[in-house]
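What the coordinates show
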2 protein chains.
Amino acid sequence: MFKTYPLFSPEYYMTEALKEAQKAYDRDEVPVGAVVVCNQTIIARAHNLTETLHDVTAHAEMQAFTAASDYFGGKYLDECTLFVTLEPCAMCAGAAFWAQLGGLIYAAADDKRGYSLINSPLLHPKTEVASGILAEESRKLLQDFFKRKRV
Amino acid sequence: MFKTYPLFSPEYYMTEALKEAQKAYDRDEVPVGAVVVCNQTIIARAHNLTETLHDVTAHAEMQAFTAASDYFGGKYLDECTLFVTLEPCAMCAGAAFWAQLGGLIYAAADDKRGYSLINSPLLHPKTEVASGILAEESRKLLQDFFKRKRV
């Protein structure tokens, strides 16, 4: 069901994040997924688990940061890029700041709770940001989820 | 070493948060501690563990939210008050938003990374905020920590 993209392309990694989002969808969680990439290798994968864990801190990004830090045995992720299917919220952007995240690439913008709506810089100044990669696929998954919720 | 205050007073709960901060200090962690109070009862205690866990998300507040949610088996903390020895950062304020935290009481202000420096509201509109309770004690612990670090 997921399209195939060239290995190591941004679309390739975002598709892996979308696969995580699909896992969230299948668990009746708001479908957001993330992967952390370092030296072209995916070192962490996570999806939103706030309902399953009854824990507002269990956003995909937060779990991905924790897992990536665990992989390194260090708390800084300045050599890593986070691919996430939805624009991070203030909490997740705040965590990215502390991790000194190297790169952030998100698919769909979050017009309600996205960190870019905040009138102060939340990310670390060194974090490079890109967005819009497979945004349509991410939005569709989110729309399907909320449509199903309303039925 | 901690002064005794009347049971259920703000100073009583903040002293319990300071005891958590002292535990962080003793582990060579930036000394910040927190307790979550519901119906006058402390339902969660936590202290900063970012170095020990190599995890930037392991702020005292985040762990306290996770523990309190676990206690309730639900993710909302609208009947709870967080007592924390230092003003929360953007990440922790963002988490407090999602938890719809009922009350936030912090001791010392954080002039570098405090959420109140951000030019947009990060907390939930229903969260009642107070500050300054035992601020001097909290500041002293932080100053001692950083002074020790510089030696």
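The coordinates are above.
Residues numbered from 1 in each chain as written. Chains lettered and ligands numbered in written order. Predicted model: local features only at pLDDT ≥ 70, side-chain atom pairs only at ≥ 80, totals over all residues. Heavy atoms only, no water.

**Here's the deal with the pattern of salt bridges**
Under the definition given, this model contains 16 salt bridges over all chains. Between B:Glu136 and B:Arg139 there is a salt bridge; the shortest N-O distance is 3.3 Å. In this pair, B:Glu136 and B:Arg139 are both assigned in helix H4 (residues 135–150), three residues apart and thus about one turn of the helix distant. On the accessibility criterion, B:Glu136 (49% relative accessible area) is partly exposed. What you see here is one network of salt bridges that share partners, running through A:Glu16, A:Lys19 and A:Arg45. (Salt bridge = Lys/Arg side-chain N within 4 Å of Asp/Glu carboxyl O. Helix = DSSP H or I, 4+ residues; strand = E, 2+ residues; numbered from the N terminus. Buried < 20%, exposed > 50% of the residue type's maximum accessible area, 1.4 Å probe, protein only.)

**Observations regarding the sheet that holds strand E2 (residues 41–47) of chain A**
Residue and element names in this part refer to chain A. One open sheet holds the five strands; their spatial order is E2-E1-E3-E4-E5, and the pairing between them is mixed. Bordering the open sheet on either side are E2 and strand E5 (128–131), each of which pairs with just one other strand. Neighbouring strand axes in the sheet, compared pairwise and without regard to direction, differ in orientation by 15° on average. In this sheet, strand E3 (residues 80–86) lies alongside strand E1 (residues 33–38) in antiparallel orientation, the contact comprising five bridges. Note that in E3 the partner of Val37 across the bridge is Thr81. Contacting E1, E2 and E3, helix H2 (residues 60–72) runs over the sheet at an angle of about 145° to E2. (Pairing = 2+ DSSP bridges. Axes fitted to C-alpha atoms, helices over the stretch in contact; angles between N-to-C directions. Contact = heavy atoms within 4.5 Å.)

**A closer look at the relation of the copies chain B and chain A**
Laying chain B over chain A is done by rotating through 180° and shifting 0.0 Å along the axis; what remains is an RMSD of 0.0 Å. Taken together, the turn and the small shift mark the pair as related by a two-fold rotation axis. Of the C-alpha atoms belonging to chain B, the one lying closest to the rotation axis is found on B:Met91, 1.9 Å away. Both copies contact each other with a shared surface, as 100% of the interface residues of chain B are interface residues in chain A too. (Least-squares fit on C-alpha atoms with pLDDT ≥ 70 in both.)

**A look at the state of the cysteines**
All names here are of chain B. By the definition in use, this model includes zero disulfides over all chains. The cysteine Cys38 is free of any disulfide, with Cys80 supplying the nearest cysteine sulfur at 4.1 Å. Judged by relative accessible area, Cys80 falls into the buried class, the value being 2%. (Disulfide = S-S within 2.5 Å.)

**Let's talk about the sheet that holds strand E5 (residues 128–131) of chain B**
Residue and element names in this part refer to chain B. Taken together, five strands build an open sheet; the order of strands is E2-E1-E3-E4-E5 and the sheet is mixed. Either end of the sheet is taken by a strand with one partner, and the two such strands are strand E2 (41–47) and E5. Taking each pair of neighbouring strands and ignoring which way they run, the sheet shows an average axis angle of 15°. In this fold helix H2 (residues 60–72) packs onto strand E1 (33–38), E2 and strand E3 (80–86), with an angle of close to 140° to the strand it touches most, E2. Along the sheet face, H4 touches E3 and strand E4 (103–108) and points at about 60° away from the line of E4.

**Overview of the layout of surface pockets**
In this model, the largest pocket occupies a volume close to 1000 Å³. Contributing to the lining of the largest pocket are 32 residues, with A:Trp98, B:Val30, B:Leu86, B:Asp110 and B:Phe146 lying nearest its centre. When contributions to the lining of the largest pocket are tallied by element, the ones reaching two or more residues are helix H3 (90–99) of chain A together with H2 and H4 of chain B. If one sorts the elements of the lining of the largest pocket by residue count, H4(B) sits on top with six residues. Of the voids in this model, the second largest pocket is the one considered here, and its volume is about 850 Å³. If you trace the second largest pocket, you find 27 residues lining it, with A:Val30, A:Leu86, A:Asp110, A:Phe146 and B:Trp98 closest to the centre. If you list the elements that add at least two residues to the lining of the second largest pocket, you get H2 and helix H4 (135–150) of chain A together with helix H3 (90–99) of chain B. Take the lining of the second largest pocket: its biggest share by element is four residues, from H4(A). (1 Å grid on protein atoms, 1.4 Å probe; cavity = no way out; pocket = protein on both sides within 12 Å on 5 of 7 lines; lining within 4 Å. Points joined across faces, edges and corners; volume = space filled by probe spheres on them.)

By themselves these figures say nothing about function.
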